[in-house]
Amino acid sequence: MMTVNEVSRLTGVSIRALHYYDQIGLLPATGHTDSGYRLYDDTALEHLQQILLFRELEFSLKDIQRILSNSAFDREKALEQQIELLKLKRQHIEDLIALAEKTQTTGGTIMDFTAFDTQKIKDYAAQAKQQWGATPEYKEFAQKTALKTEKEVSAMGGQLMEIIAAFGKMQSMDPAAPAVQTQVKKLQDFISEHYYTCSKTILGQLGQLYTAGGAFTQNINAAGGPGTAEFASKAIEVYCRTAK
């Protein structure tokens, strides 16, 4: 576990930014010291790396929240895009260096402005954004949150987490019990109202995501208690199989 100061020194992200990421639910702290200082584990650092990746692609924090909470998020695809973008930026810098050296050698002004062209980088970043925003669910969520602030989106996420965390107190029950299944329906309805139309297929994918490990599983179990994510996933599986 690392303190917020250690994470800041390691990553170059300011302490203020890390606090803000925690406040809006983008990067919750893994835990806290007895004195109340934030602590981060390797999973949180991996999540922070994904955030910084999308910042390099010039995504807004609101867009990053939408993408990382999307069940279709593909980390390998994101890394491929990051590598390609960095290659484009490297080529841009090399072109600028070559132009500067040529100008220095000739002792005059070189009337060549192609090295300043960043259109390829912009085009690639735009293409990446379009790919991540291509799903109907993403577009619907973008429309529903277009006028909301990052804090409002974060508060909405907090309400969603409360609904999921409630499964923690139901773990002594059968996942197929009426009360548990009613809670699953409440979860589905909340997502449909505030995020995007949550079909049984999408709900099932989200249920699988809850137990996939990483930040999702960790945050759910932190909010509802150990085993909450796994129980919620089982309840969702029953609901998707039996609900009409």
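This text gives an overview of the structure that appears in the document. A quick note: this is a predicted structure, and the numbers were derived from the prediction, not measured.

1. Focus on the overall build of the protein chain
Link 1 in the chain: Along the backbone of the protein chain there are twelve helices and three strands.
Link 2 in the chain: Burial statistics for the protein chain: of 244 residues in total, 40% are counted as buried.
Link 3 in the chain: Contacts spanning at least 24 positions in sequence make up 62% of the contacts within the protein chain whose residues lie at least 6 apart.
Link 4 in the chain: If you sum the accessible surface of the protein chain, you get close to 13800 Å²; carbon and sulfur atoms cover 53% of it.

2. Overview of the packing of helix H10 (residues 200-210) against helix H12 (residues 228-242)
Link 1 in the chain: At a minimum axis separation of 8 Å, H10 and H12 run at an interaxial angle of 160 degrees. Considering their axes alone, H10 and H12 lie roughly antiparallel with respect to each other. Every pair of crossing elements has a handedness; the one defined by H10 and H12 is left-handed. Across the interface between the two elements, Lys200, Leu203, Gly204, Gly207, Gln208 and Tyr210 from H10 touch Ala229, Ser233, Ile236, Tyr239 and Cys240 from H12.
Link 2 in the chain: When its residues are assigned to classes, the contact of H10 with H12 shows six nonpolar, four polar and one charged.

3. A few points about the packing of aromatic side chains
Link 1 in the chain: Within the structure shown, the criterion is met by two aromatic pairs.
Link 2 in the chain: With a centroid separation of 6.5 Å and 75 degrees between ring planes, the pair formed by Tyr195 and Tyr196 is classed as edge-to-face. The burial state of Tyr195 is the same as that of Tyr196; both residues are buried.
Link 3 in the chain: What links up through ring pairs into an aromatic cluster is the set Phe190, Tyr195 and Tyr196.

4. Here's the deal with the nonpolar core
Link 1 in the chain: Phe167, Leu187, Ile191, Tyr195 and Leu206 are the most contacted members of the largest nonpolar core, which totals 30 residues.
Link 2 in the chain: Put simply, the parts of the chain that give this core at least two residues each are helix H8 (150-165), helix H9 (178-194), H10 and H12.
Link 3 in the chain: Filtering out sequence-adjacent residues up to four positions away, Tyr195 remains in contact with Glu140, Phe141, Lys144, Met156, Gly157, Leu160 and Phe190.
Link 4 in the chain: If you look at the next biggest cluster of nonpolar residues, it comprises 25 residues, including Tyr21, Ile24, Leu53 and Ile67.

5. Focus on the state of the cysteines
Link 1 in the chain: Taken as a whole, this structure holds zero disulfides when the rule is applied.
Link 2 in the chain: Its sulfur unpaired, Cys198 is 7.8 Å from the next cysteine sulfur, which belongs to Cys240.
Link 3 in the chain: Classification of Cys198 as buried rests on a relative accessible area of 4%.

6. As for the sheet that holds strand S2 (residues 31-32)
Link 1 in the chain: Here three strands make up an open sheet; going across it, the order is S1-S3-S2 and the pairing antiparallel. Both edges of this open sheet fall to strand S1 (2-3) and S2, since each of them pairs with a single strand only.
Link 2 in the chain: One ladder, built from two bridges, connects S2 with strand S3 (residues 38-40); its direction is antiparallel. The residue bridging Gly31 from the neighbouring strand is Leu39, located in S3.

7. Structural notes on the side chain of Gln65
Link 1 in the chain: Position of Gln65 relative to the elements: it lies in helix H4 (residues 61-68).
Link 2 in the chain: Residue classification places Gln65 among the buried residues on the basis of a relative accessible area of 12%.
Link 3 in the chain: The residues touching Gln65, leaving out its near neighbours within four places in the chain, are Ile24, Gly25, Leu26, Glu150 and Val153.

8. Observations regarding H12
Every α-helical turn comprises 3.6 residues, leaving residues that sit three or four positions apart pointing alike.
Link 1 in the chain: Helix length check: H12, at 15 residues, gives a terminal C-alpha distance of 21 Å against a target of 21 Å (1.5 Å per residue), a fit within 8%.
Link 2 in the chain: All of the buried residues in H12 are Thr228, Ala229, Phe231, Ala232, Ser233, Ala235, Ile236, Val238 and Tyr239.

9. Details of the environment of His19
Link 1 in the chain: Counting through the fold element by element, His19 comes out in helix H2 (residues 15-23).
Link 2 in the chain: Separated by 19 residues in sequence, His19 and Arg38 have C-alpha atoms that sit 8.6 Å apart.
Link 3 in the chain: At 3.2 Å, the side chain of His19 forms a polar contact with the side chain of Arg38.

10. Description of H9
Link 1 in the chain: If you check H9, its first and last C-alpha atoms are 24 Å apart, about what 17 residues at 1.5 Å a residue would give, namely 24 Å.
Link 2 in the chain: Val180, Gln181, Gln183, Val184, Leu187, Gln188, Phe190 and Ile191 are the residues of H9 that are buried.

11. Here's the deal with the pattern of salt bridges
Link 1 in the chain: By the definition in use, this model includes three salt bridges.
Link 2 in the chain: Lys185 is the salt-bridge partner of Asp189, the closest N and O atoms lying 2.9 Å from each other. Highlighted residues: Asp189 and Lys185, both in helix H9, separated by four residues, approximately one helical turn.

What counts and what doesn't
Residues numbered from 1 in each chain as written. Predicted model: local features only at pLDDT ≥ 70, side-chain atom pairs only at ≥ 80, totals over all residues. Heavy atoms only, no water. Helix = DSSP H or I, 4+ residues; strand = E, 2+ residues; numbered from the N terminus. Buried < 20%, exposed > 50% of the residue type's maximum accessible area, 1.4 Å probe, protein only. Contact = heavy atoms within 4.5 Å. Areas by Shrake-Rupley, 256 points an atom, 1.4 Å probe, with all protein chains shown as cover. Axes fitted to C-alpha atoms, helices over the stretch in contact; angles between N-to-C directions. Parallel < 35°, antiparallel > 145°, perpendicular 65-115°, else oblique. Left-handed = near helix turned anticlockwise from the far one by under 90°. Nonpolar A, V, L, I, M, F, W, Y, C, P; charged D, E, K, R; others polar. Phe/Tyr/Trp six-rings, centres within 6.5 Å; stacked < 30°, edge-to-face > 60°. Core = buried A, V, L, I, M, F, W, Y, C linked by side-chain atoms within 4.5 Å. Disulfide = S-S within 2.5 Å. Pairing = 2+ DSSP bridges. Expected span 1.5 Å × (residues − 1). Polar contact = N/O pair within 3.5 Å; in protein donor to acceptor, adjacent residues only side chain to side chain. Salt bridge = Lys/Arg side-chain N within 4 Å of Asp/Glu carboxyl O.

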